[in-house]
Amino acid sequence: MKPIEVTFFQKPTLELARQLLGKYIVHEHPRGVLIGKIVETEAYMGPDDRAAHSFGNRRTKRTEVMFGEPGLIYTYQMHTHTLINVVSAPTDIPNAILIRAVEPVEGLDLMKEFRNDLPMKQWTSGPGKLTKAMGISMEHYGSHWTDKPLYMAEGEHVASVSTGPRIGIQNSGEAVHYPYRFWETDNPFVSKSR
């Protein structure tokens, strides 16, 4: 499998968030290749989006990578979880897309081990779960989604896409209602169906 073309990331954030569905995340982990199909994303529109880490152009050590080129990997810690994002706008416009869920494709034995033998449906059905299942950590911060060992590849066409408000952003004013979440309709690995 080869990394996706860098030009794939050079499109408006909301369009990219939808087009990420069906793409493969590939992690060439020291213990084996892990592949997940992206089935749920959330777009964060930077300076004007109260739910974004970069709201008001906040520039911190954590958000610095968001000001870089599209296609960079933005990881951050939330509680004990690593969450992973795609930087998604031209340099100095700090937009990002959270990968919320993937469907396991390859490396299932390793994913099962990384998820402590939980039922398969629980392995990757959330942003913190999928990084654990795929062995993704903070060390990938600032890498590019076209560079191995963690990269994105062409995947499958997603025929039906649903949209709705993002999850877990209650304290963000009107931004709580923006329809910036995209998911493959009826996919069992989506974190929440609504």
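Please refer to the structure higher up on the page.
A brief look at the structure comes next. Keep in mind that what you see is a predicted model, and the values were worked out from it rather than measured. (Residues numbered from 1 in each chain as written. Predicted model: local features only at pLDDT ≥ 70, side-chain atom pairs only at ≥ 80, totals over all residues. Heavy atoms only, no water.)

## Notes on the layout of surface pockets
The condition is simple: A cavity here means a set of 1 Å grid points, computed over protein atoms only, where a 1.4 Å probe fits but cannot escape. A pocket is an open set with protein on both sides within 12 Å along at least 5 of 7 lines, and lining residues have an atom within 4 Å of a point. Grid points are joined across faces, edges and corners, and a volume is the space filled by probe spheres set on the points. Nonpolar residues are Ala, Val, Leu, Ile, Met, Phe, Trp, Tyr, Cys and Pro. Charged residues are Asp, Glu, Lys and Arg, and all others, Gly as well, are polar.
Each pocket or cavity is described by its volume, and for the largest pocket that value is around 560 Å³. If you go around the largest pocket, you meet 27 residues; those closest to its centre are Tyr76, Met78, Leu83, Ile167 and Gly168. In the lining of the largest pocket, the residues fall into 13 nonpolar, 9 polar and 5 charged.

## A closer look at the side chain of Glu184
To be explicit about the condition: Helix numbers and strand numbers start at the N terminus; a helix is a DSSP run of H or I with at least 4 residues, a strand a run of E with at least 2. For the purposes of these results, a polar contact is taken to be a pair of N or O atoms within 3.5 Å, where, inside protein, one atom must be able to donate a hydrogen and its partner to accept one; residues adjacent in sequence count only when each atom of the pair is a side-chain atom. Residue contacts follow a heavy-atom distance rule, with two residues in contact if any of their heavy atoms lie within 4.5 Å.
Relative to the helices and strands, Glu184 resides in strand β8 (residues 181-184). Here Asn187 takes part through its side chain, which lies 3.1 Å from a polar atom of the side chain of Glu184. Those residues within four positions of Glu184 in sequence are excluded, and the remaining contacts are Leu21, Lys37, Val39, Val158, Ser160 and Val190.

## Describing the pattern of salt bridges
It is possible for side chains bearing opposite charge to pair when their charged atoms get close. The condition is simple: Any Lys or Arg side-chain nitrogen found within 4 Å of a carboxyl oxygen on Asp or Glu counts as a salt bridge. A simple rule labels every residue: compare its accessible area, found with a 1.4 Å probe on the protein chains alone, to the largest value its type can have, and call it buried under 20%, exposed over 50%, or partly exposed in between.
Following the criterion strictly, the structure yields 12 salt bridges and no others. Where Arg31 meets Glu113, a salt bridge forms, and the shortest distance between an N and an O atom there is 2.8 Å. Residue Arg31 is found in the loop between β1 (24-29) and β2 (32-44), and its partner Glu113 is found in helix α2 (residues 108-114); the two are separated by 82 residues along the sequence. Between Arg100 and Glu40 there is a salt bridge, with the nearest N and O atoms lying 3.2 Å from each other. Taken together, the residues span a long stretch of sequence, with Arg100 in strand β5 (residues 96-106) and Glu40 in strand β2 at a distance of 60 residues. Using a relative accessible area of 0% as the deciding quantity, one classes Glu40 as buried. Members of the salt-bridge network, linked through shared partners, are Lys37, Glu103, Glu156 and Glu184.

## A closer look at the nonpolar core
Filter applied, for reference: In these notes, a set of buried Ala, Val, Leu, Ile, Met, Phe, Trp, Tyr and Cys residues joined through side-chain atoms within 4.5 Å is what counts as a nonpolar core.
Within the largest apolar cluster, 30 residues are counted, with the highest numbers of intra-cluster contacts made by Leu20, Ile25, Val86, Ile99, Trp145 and Met152. Of all the secondary-structure elements, those providing two or more residues to this core are α1 (13-19), β2, β4 (81-87), β5, α2, α3 (127-133) and β6 (150-153). By size, the runner-up hydrophobic cluster in this structure holds 14 residues, among which are Ala52, Val65, Ile169 and Ala175.

## What to know about the packing of aromatic side chains
Going by this rule: Any Phe, Tyr or Trp ring, taking Trp's six-membered ring, that has another such ring centre within 6.5 Å forms a pair; planes under 30 degrees apart are called stacked, those over 60 apart edge-to-face, and the others tilted. Working rule: Lys NZ or Arg CZ, within 6 Å of ring centre, within 35 degrees of ring normal, means a charge sits over the ring.
Counting across every chain of the model gives 4 aromatic pairs. For the ring pair Tyr178 and Tyr180, a centre distance of 5.2 Å and an interplane angle of 50° mean the geometry is tilted. With relative accessibility at 22%, the residue Tyr178 sits in the partly exposed group. The exposure class assigned to Tyr180 is buried, which follows from its relative accessible area of 17%. Here the basic side chain of Arg59 rests over the ring of Phe67, its NZ or CZ set 4.2 Å away from the ring centre. Directly above the aromatic system of Trp183 lies the positively charged group of Arg181, at a separation of 4.0 Å from the ring centroid.

In short, shape yes, function no, at least from these values alone.
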